[in-house]
Amino acid sequence: MALRPILVAPDPVLKQKSKPVEGGVTDAHRALMDDMLETMYDAPGIGLAAIQVGEPLRIIVMDLAKEGEPPAPRYFVNPEITWASDELFSYEEGCLSVPDIYDDVERPARVKLRYLNYQGEQIEEEAEGLYAVCIQHEMDHLEGVLFIDHLSRLKREKALSKLKKARKEAAL
Ligand code: NI
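Residues numbered from 1 in each chain as written. Predicted model: local features only at pLDDT ≥ 70, side-chain atom pairs only at ≥ 80, totals over all residues. Heavy atoms only, no water.

Here's the deal with the overall build of the chain
Step number 1: A count of helical and extended segments in the chain gives three helices and seven strands.
Step number 2: Reading the helices (α) and strands (β) of the chain from amino to carboxyl end gives α-β-β-β-β-β-β-β-α-α.
Step number 3: In summary, the chain has a C-alpha radius of gyration of 16 Å against a globular reference of 16 Å for 172 residues, a match within 12%.
Step number 4: Reported as C-alpha extents along the three principal axes, the dimensions of the chain are approximately 45 × 40 × 35 Å.
Step number 5: Burial analysis of the chain (172 residues in total) assigns 41% to the buried set.
Step number 6: A separation threshold of at least 6 residues defines the contact pool for the chain, and within that pool the share at least 24 residues apart is 63%.
Step number 7: Accessible surface, the chain: about 9,500 Å² in total, of which carbon and sulfur atoms supply 52%. (Helix = DSSP H or I, 4+ residues; strand = E, 2+ residues; numbered from the N terminus. Rg over C-alpha atoms; globule rule 2.2 N^0.38 Å. Buried < 20%, exposed > 50% of the residue type's maximum accessible area, 1.4 Å probe, protein only. Contact = heavy atoms within 4.5 Å. Areas by Shrake-Rupley, 256 points an atom, 1.4 Å probe, with all protein chains shown as cover.)

Focus: the sheet that holds strand S6 (residues 110–116)
Step number 1: Pairing is antiparallel in the open sheet, where five strands are placed in the order S1-S2-S3-S6-S7. Edge positions in the sheet fall to strand S1 (47–49) and strand S7 (122–128), since each of these pairs with one other strand and no more. Taken pair by pair, the neighbouring strands of this sheet meet at an average axis angle of 40°, ignoring direction.
Step number 2: Where strand S2 (residues 59–63) and strand S3 (residues 73–84) come together, five bridges link them in antiparallel fashion. Along S3, the bridge assignment pairs Ile-60 with Phe-76.
Step number 3: Along the sheet, helix H1 (residues 27–42) makes contact with S1, S2 and S3, crossing S2 at roughly 40°. (Pairing = 2+ DSSP bridges. Axes fitted to C-alpha atoms, helices over the stretch in contact; angles between N-to-C directions.)

Thoughts on unusual backbone geometry
For residues other than glycine, phi is negative in most cases, and the peptide bonds are mostly trans.
Step number 1: The omega torsion across Ala-9 and Pro-10 is 5°, close enough to zero to call that bond cis.
Step number 2: Note that Pro-10 resides in the segment before H1.
Step number 3: For Asn-78, which is not a glycine, the phi torsion comes out positive at approximately 50°.
Step number 4: Note that Asn-78 resides in strand S3.
Step number 5: Since its relative accessible area comes to 19%, Asn-78 is described here as buried.

Encoded structure:
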């Protein structure tokens with residue numbers, strides 16, 4: 001396993017649309033997921049999409065275990081949302097690719113999803129609460145969408161200028 005650098009907005013790679021994994025989940029995909037999980041734990045974060053480490057594949061890792069609970073890694077290959085509730089849920093989101101910015105995003109409160117797991121088995125399940133928030137946030141990454149893209153233009157521009165300023169300071 002290896003740590004991978006996490007891309008930070010406004011890196012144009014983050015705007016790319018990720019491609020489906022073809023031909024099932026291989027050891028190479030599992031090696032990527034292992035690296036992604038290690039990188040996510042190190043950051044630390046609760047979810048990471050492959051594009052955030054520069055790989056334009058429809059792969060996500062996540063761990064929603066609370067502090068003090070044993071690790072509970074989840075792996076998603078080619079996730080699809082097959083149903084979303086009309087009921088919405090608002091949550092203060094953040095993102096490893098948008099450091100130090102947090103804001104409320106409203107999304108469907110519950111979704112049904114289908115994906116391949118680490119072993120390549122097809123799973124169908126329903127997500128709610130933080131799980132629903134996180135999977136929708138990560139699946140946005142597969143479309144090149146960041147959570148700040150859901151904010152008003154003013155808030156988004158403020159967030160981006162804060163990121164640019166932080167980057168400039170880091171370069172000094
Ligand atoms: Ni994110």
